[in-house]
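Here is what each chain is made of, one letter per residue.
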Number of protein chains: 2
Amino acid sequence: MNRFRNDLPALSNKDYFNYGGQGPLPKSSLHAITSSWEKIQELGPFTNDVWPFISNEIKGTKSLIAEFCGVTSHRIALTENVTSGCVLTLWGLPFSKGDRLLISNCEHPGVVSACKEVAKRKDLHIDILDVLSLRKGIEGSKENQDEVIKTIEGGLTARTKLVVLSHLLWNTGQIMPIELIANLLLNQPNQPYFLVDAAQSFGQIPIRDSASKVDIYAFTGHKWAFGPEGLGAVVLSERVLLEARPTLVGWKALTNESSIYTNEIEPFHKDARRFEIATSCTPLLAGLRCSLNLLNEQGSDSERINSIKLRSKRLWLELKGVTSINPVLQDPPPAGLVSFTVNSKLSPNQIVKLLAEESIYIRVLEDPIWLRACVHITSTEEEIERLISALKKL
Amino acid sequence: MNRFRNDLPALSNKDYFNYGGQGPLPKSSLHAITSSWEKIQELGPFTNDVWPFISNEIKGTKSLIAEFCGVTSHRIALTENVTSGCVLTLWGLPFSKGDRLLISNCEHPGVVSACKEVAKRKDLHIDILDVLSLRKGIEGSKENQDEVIKTIEGGLTARTKLVVLSHLLWNTGQIMPIELIANLLLNQPNQPYFLVDAAQSFGQIPIRDSASKVDIYAFTGHKWAFGPEGLGAVVLSERVLLEARPTLVGWKALTNESSIYTNEIEPFHKDARRFEIATSCTPLLAGLRCSLNLLNEQGSDSERINSIKLRSKRLWLELKGVTSINPVLQDPPPAGLVSFTVNSKLSPNQIVKLLAEESIYIRVLEDPIWLRACVHITSTEEEIERLISALKKL
């Protein structure tokens, strides 16, 4: 672990708690990126000699991501970021006027406004699913899971055609029982599509049982997976591959580039490539693979989340011990996101600023206005101690 | 120029004629990219300290691109590639059932299939504009320009709502009189939008008078501008900013991320950011700026295109001198793309392969099946000589 931490220059000069915003990039991953660029220049950049290299880069990256997600590679489309993954297929789903979208009230503003725009143009209705007020540490306990399921059942209507929910809520830090919800939706008469924003889960918690069972499972490499910014992916269900049409169409979606003017046959790949667009930054693939391999070296996904939970529990307990601080969750967090409020004359933004002066970095959430500190497998006891003691001083 | 060429490792081990596919990346630009990454890790990656740096990177890059395009920065949206730039606004234009799209028959398959998909879903008709059969070296001569204008006038109908044409045709290598066409379209009763694919023009020919006058002028940095793959831009007209709605919506398009669930007010930026999506690879910005500055150091845009034309004329003349070779254009090319056919028992793909064995790289075009060799300011006489002598040997 120390060797891994030493490979992260971003952690060498600060106490870092913003993994949920962006994770640090290992030196080895940056090196892998520049080596890939050098290889492309040596063989190409646009030659028959470079195509096998690029094609292997794509294949190898998709296959590693597929392994993390417990699916086969043909269901993986590479994207530029989480939002693209969430939204790319959205416009091509077969919605009918009057259909309803059920969106949780803990979703990212980008996805929410994309859904609002789809609804506006296609005459759909939006229903809000209140998962914000379920504040217990939802994870394994049957009682908590039942509460979420009950809330979703209450939100579903006969016209609900899409449910949008994050796997790990970015504000409360709770884990949603995605697999159970997927089963529930299968049994609805209207069989709603299930879009899961996995921005906070990929690289942090075990995701195989969830990623493989929903229609759209979208994430990025640059948060909990220590990958470079600008590269993410989305897992798509066989149903979405069959029923959704490509919208932001580019050459990557096409099976055959000739006779494009006259060809009346469907020109799109049948696998997830049909939702890929055009040229992207190939060298990033090597960077993400390097980071994912490093992550694997730190332990299995369940070992990693246990190590994260030890840290977040400690942070949560310490925060709870300070009179002026209230953690958002009643129980120890099920993962590495720890949100809290501070009873202080200082505004949350002022607190973040003052901490930054001591090289301690946490963030403010907008809605609700909370402070959030994330811990990862690379977080140290000393970092947590310094955060707590700095907060006490305020 | 020698110093610039020496900064391009891709050119050190081959004779390179595929600038139209992808340009080589300068060592300095790769260095700028890695330095930017290191800076982001030092200050961030997700901290208040890193935002001013990232914001300056974006501002500086947009402002340099804006200067190349002769527009103000607020009309520039950064994109991942040319296709995204062409297509991002397409879905948000106010088309009505029965509207017609006039698309040239020399467009890239990605853009064509995107238009076909829009037409299919919105009940629009597609008309094909034949610019492929105009084979003279269209550039300054009034006669040639008149011919293009006449062809376009012939293709326009009262319901034409969009015209799609490349600035520099990727197969014939001809330059279209974009500014004249833009003026023509302004005077049509239906005022069609004008979408220009500038994949082959940005970084190669002067574009200010064209880029500033059309509705959508989309390009990438990784072809003629020597930038990294995965970063492009699109110039949008004030009219598109006003009339087109964002489709692939993400946080970059939003003015305010709070109250997103309840806010009924339009949440999008009024400038071109309304068409940007979400997190992208920030370090690429430094790479593109470095390449554009290097390009500027090699001379003004008119000096650069003159230097390219000297080379393409030489190549065109030499090709014309070989009995079995027919250049596609009747006159010397107006820019650096030189397409031709070879009367040979070998297929074009076999020819490309045989040349590659001598480290000479040209490409096959799909439709029509032609060979294409591109020359840039970095092309040398010796490279051209070696290409010609290798072709003669076949």
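Remember, predicted model here, so these are calculated numbers, not experimental data.

Some words on the sheet that holds strand E7 (residues 216-220) of chain B
Residue and element names in this part refer to chain B.
So, step 1. Pairing is mixed across the open sheet formed by seven strands, whose spatial order is E2-E8-E7-E6-E5-E3-E4. If you trace the sheet from one side to the other, it starts and ends with strand E2 (76-79) and strand E4 (125-129), each paired once. Taking the axes of each pair of neighbouring strands and ignoring which way they run, one obtains an average angle of 20° across the sheet.
So, step 2. With five bridges joining them, strand E3 (residues 100-104) and E4 adopt parallel strand pairing. Along E4, the bridge assignment pairs serine 104 with leucine 129.
So, step 3. Across the sheet, helix H3 (residues 51-69) touches E2, E7 and strand E8 (232-236), and the angle it forms with E2 is around 115°.

Let's talk about the pattern of salt bridges
So, step 1. Considering all chains together, one arrives at 39 salt bridges over all chains under this definition.
So, step 2. The shortest N-O distance in the salt bridge between glutamate 117 of chain A and arginine 245 of chain B comes to 2.6 Å. Of the two residues, glutamate 117 of chain A sits in helix H5 (residues 109-122) while arginine 245 of chain B sits in the loop between helix H9 (238-243) and helix H10 (283-297), which places them in two different chains. Like glutamate 117 of chain A, the residue arginine 245 of chain B is buried in the burial classification.
So, step 3. Among the salt bridges present, the one from aspartate 301 of chain A reaches arginine 208 of chain A, with a minimum N-O distance of 3.0 Å. Here aspartate 301 of chain A is found in helix H11 (residues 301-320), whereas its partner arginine 208 of chain A is found in helix H8 (residues 208-211), with 93 residues between them in sequence.
So, step 4. The network of salt bridges with common partners includes Glu117 and Arg121 of chain A together with Arg245, Glu266 and Arg274 of chain B.

Description of the nonpolar core
So, step 1. Counting 152 residues, the largest nonpolar core has Leu165 and Phe194 of chain A together with Leu165 and Phe194 of chain B as the members making the most contacts within it.
So, step 2. Aside from chain neighbours lying at most four places away, what touches phenylalanine 194 of chain A is Val163, Leu165, Ile178, Ile181, Ala182, Leu185, Val214, Asp215 and Ile216 of chain A.
So, step 3. Counting 80 residues, the second largest nonpolar core, distinct from the first, contains Ile277 of chain A together with Val249, Ala253 and Ala272 of chain B.

A short note on helix H2 (residues 27-43) of chain B
So, step 1. For H2 of chain B, with 17 residues, the first-to-last C-alpha span of 24 Å sits near the 24 Å given by 1.5 Å per residue.
So, step 2. Those residues of H2 of chain B lying buried are Ser29, Leu30, Ala32, Ile33, Thr34, Ser36, Trp37, Ile40 and Gln41 of chain B.
So, step 3. Buried positions along H2 of chain B lie against helix H2 (27-43) and helix H10 (283-297) of chain A together with H3 and H10 of chain B.

Quick word on the domain arrangement of chain A
Residues and elements named next belong to chain A.
So, step 1. By domain assignment, chain A separates into domain 1 (2-25 + 299-393) and domain 2 (50-293).
So, step 2. Relative placement of domain 1 and domain 2: their C-alpha centres are 27 Å apart.
So, step 3. Residue-level contacts link 34 residues of domain 1 with 29 residues of domain 2.
So, step 4. Summed over both partners, the interface of domain 1 with domain 2 comes to about 2600 Å²; 57% of that surface belongs to carbon and sulfur atoms.
So, step 5. On the domain 1 side of the interface with domain 2, the three residues burying the most area are Asp301, Pro334 and Leu337, jointly 20% of the side's total.
So, step 6. Remark: the boundary between domain 1 and domain 2 carries one salt bridge.

Examining the relation of the copies chain B and chain A
So, step 1. Turning chain B through 180° and shifting it by 0.0 Å along the axis lays it on chain A, with an RMSD of 0.0 Å. Such a combination of turn and shift is consistent with a two-fold rotation axis.
So, step 2. Comparing interface residues between copies, 100% of those in chain B also sit at the interface in chain A, which points to an isologous, same-surface contact.

Structural notes on unusual backbone geometry
So, step 1. Cis geometry is found at the peptide bond from aspartate 367 of chain A to proline 368 of chain A, where omega equals 5°.
So, step 2. On the secondary structure map, proline 368 of chain A appears in the loop between strand E12 (363-364) and strand E13 (371-374).
So, step 3. Each neighbour pair has its own omega, and for glycine 44 of chain B with proline 45 of chain B the value is 15°, a cis peptide bond.
So, step 4. Position of proline 45 of chain B relative to the elements: it lies in the loop between H2 and H3.

Remarks on the pairing of strand E5 (residues 160-166) of chain A
All names here are of chain A.
So, step 1. Counting buried residues in E5 gives seven out of seven residues, a clear majority hidden from the surface.
So, step 2. Examined bridge by bridge, strand E3 (residues 100-104) and E5 share four bridges and lie parallel to one another. Bridge pairing in E5 places arginine 100 opposite threonine 160.
So, step 3. Bridge count for E5 against strand E6 (residues 193-197) is five bridges, and the pairing is parallel. Across the sheet, leucine 165 pairs through a bridge with valine 196, a residue of E6.
So, step 4. Viewed along the sheet, the connection from E5 through helix H7 (residues 178-186) into E6 turns out right-handed.

Structural notes on the interface of chain B and chain A
So, step 1. Counting residues at the interface gives 81 residues for chain B, matched by 82 residues for chain A.
So, step 2. Across the chain B/chain A interface, buried area totals approximately 6700 Å², and carbon plus sulfur atoms make up 60% of it.
So, step 3. Broken down residue by residue, the surface that chain B buries against chain A is led by Trp37, Phe46 and Tyr261 of chain B, which jointly contribute 12%.
So, step 4. Here chain B is connected to chain A by two salt bridges.
So, step 5. Counting every contact that joins chain B to chain A gives 38 residue pairs in polar contact (both at pLDDT 80 or more).
So, step 6. Elements with a contribution of two residues or more to the side of chain B that touches chain A: H2, helix H4 (82-87), E3, helix H5 (109-122) and H10 of chain B.
So, step 7. Residues that form the side of chain B that touches chain A fall into these classes: 36 nonpolar, 29 polar and 16 charged.

Digging into the confidence of the model for chain A
So, step 1. Predicted confidence across chain A gives a mean pLDDT of 95, with 98% of residues reaching 70 or more.
So, step 2. At the level of chain-chain contacts, confidence expressed as ipTM amounts to 0.97, with global pTM at 0.97.

Brief notes about the environment of arginine 314 of chain B
Residues and elements named next belong to chain B.
So, step 1. Looking at the secondary structure, you find arginine 314 in helix H11 (residues 301-320).
So, step 2. Judged by its relative accessible area of 31%, arginine 314 falls in the partly exposed class.
So, step 3. Through-space distance from the C-alpha of arginine 314 to that of arginine 3 is 23 Å; in sequence the pair is 311 residues apart.
So, step 4. Setting aside residues no more than four positions away along its own chain, arginine 314 makes contact with Glu381, Ile384 and Glu385.

Let's talk about the side chain of threonine 282 of chain B
So, step 1. Looking at the secondary structure, you find threonine 282 of chain B in the loop between H9 and H10.
So, step 2. On the basis of relative accessibility, which here comes to 12%, the residue threonine 282 of chain B falls in the buried class.
So, step 3. Setting aside anything within four residues of it in sequence, one finds threonine 282 of chain B in contact with Glu229 of chain A together with Ile40, Ile54 and Glu57 of chain B.

Observations regarding the sheet that holds strand E10 (residues 337-342) of chain B
Residue and element names in this part refer to chain B.
So, step 1. Spatial strand order, E9-E10-E13-E12: four strands in an open sheet with antiparallel pairing. With one partner strand each, in any of the chains shown, strand E9 (325-327) and strand E12 (363-364) form the two edges of the open sheet.
So, step 2. Pairing between E10 and strand E13 (residues 371-374): four bridges, direction antiparallel. Residue pairing in the sheet places valine 338 in a bridge with alanine 373 of E13.
So, step 3. Most of the contacts of H11 go to E10, to which it runs at about 10°, and overall it touches E9, E10 and E13.

Regarding the packing of H2 of chain A against H10 of chain A
Residue and element names in this part refer to chain A.
So, step 1. Remark: H2 packs on H10, axes separated minimally by 7 Å, with the N-to-C direction vectors making an angle of 150°. Where H2 crosses over H10, the handedness of that crossing is right-handed. Contacts between H2 and H10 pair Ser28, Ser29, Ala32, Ile33, Ser36, Trp37 and Ile40 from the former with Pro283, Leu284, Ala286, Gly287, Cys290, Ser291 and Leu294 from the latter.

Focus on the packing of aromatic side chains
Residue and element names in this part refer to chain A.
So, step 1. Evaluation of the coordinates by the stated rule reveals 16 aromatic pairs over all chains.
So, step 2. Both rings, one in tyrosine 16 and one in tyrosine 19, keep their centres 5.4 Å apart while their planes meet at 75°; by these two values the pair is edge-to-face. For the pair formed by tyrosine 16 and tyrosine 19, the shared burial category is buried.
So, step 3. Residues phenylalanine 68 and phenylalanine 202 carry aromatic rings whose centres are separated by 5.7 Å and whose planes lie at 50° to one another, so their mutual orientation is tilted. Placement of phenylalanine 68 in helix H3 (residues 51-69) and of phenylalanine 202 in the loop between E6 and H8 is noted, with a sequence separation of 134 residues between them.
So, step 4. On the accessibility criterion, phenylalanine 202 (1% relative accessible area) is buried.
So, step 5. The ring of tyrosine 193 carries arginine 239 above its face, with NZ or CZ at 3.9 Å from the centroid.

How each quantity is defined
Residues numbered from 1 in each chain as written. Chains lettered and ligands numbered in written order. Predicted model: local features only at pLDDT ≥ 70, side-chain atom pairs only at ≥ 80, totals over all residues. Heavy atoms only, no water. Pairing = 2+ DSSP bridges. Helix = DSSP H or I, 4+ residues; strand = E, 2+ residues; numbered from the N terminus. Axes fitted to C-alpha atoms, helices over the stretch in contact; angles between N-to-C directions. Contact = heavy atoms within 4.5 Å. Salt bridge = Lys/Arg side-chain N within 4 Å of Asp/Glu carboxyl O. Buried < 20%, exposed > 50% of the residue type's maximum accessible area, 1.4 Å probe, protein only. Core = buried A, V, L, I, M, F, W, Y, C linked by side-chain atoms within 4.5 Å. Expected span 1.5 Å × (residues − 1). Domains from an automatic or database assignment. Buried area = accessible area lost by both parts, 1.4 Å probe. Least-squares fit on C-alpha atoms with pLDDT ≥ 70 in both. Right-handed = clockwise from strand over helix to strand, strands pointing away. Polar contact = N/O pair within 3.5 Å; in protein donor to acceptor, adjacent residues only side chain to side chain. Nonpolar A, V, L, I, M, F, W, Y, C, P; charged D, E, K, R; others polar. pLDDT = per-residue confidence, 0-100. Left-handed = near helix turned anticlockwise from the far one by under 90°. Phe/Tyr/Trp six-rings, centres within 6.5 Å; stacked < 30°, edge-to-face > 60°. Lys NZ or Arg CZ within 6 Å of the ring centre and 35° of its normal.

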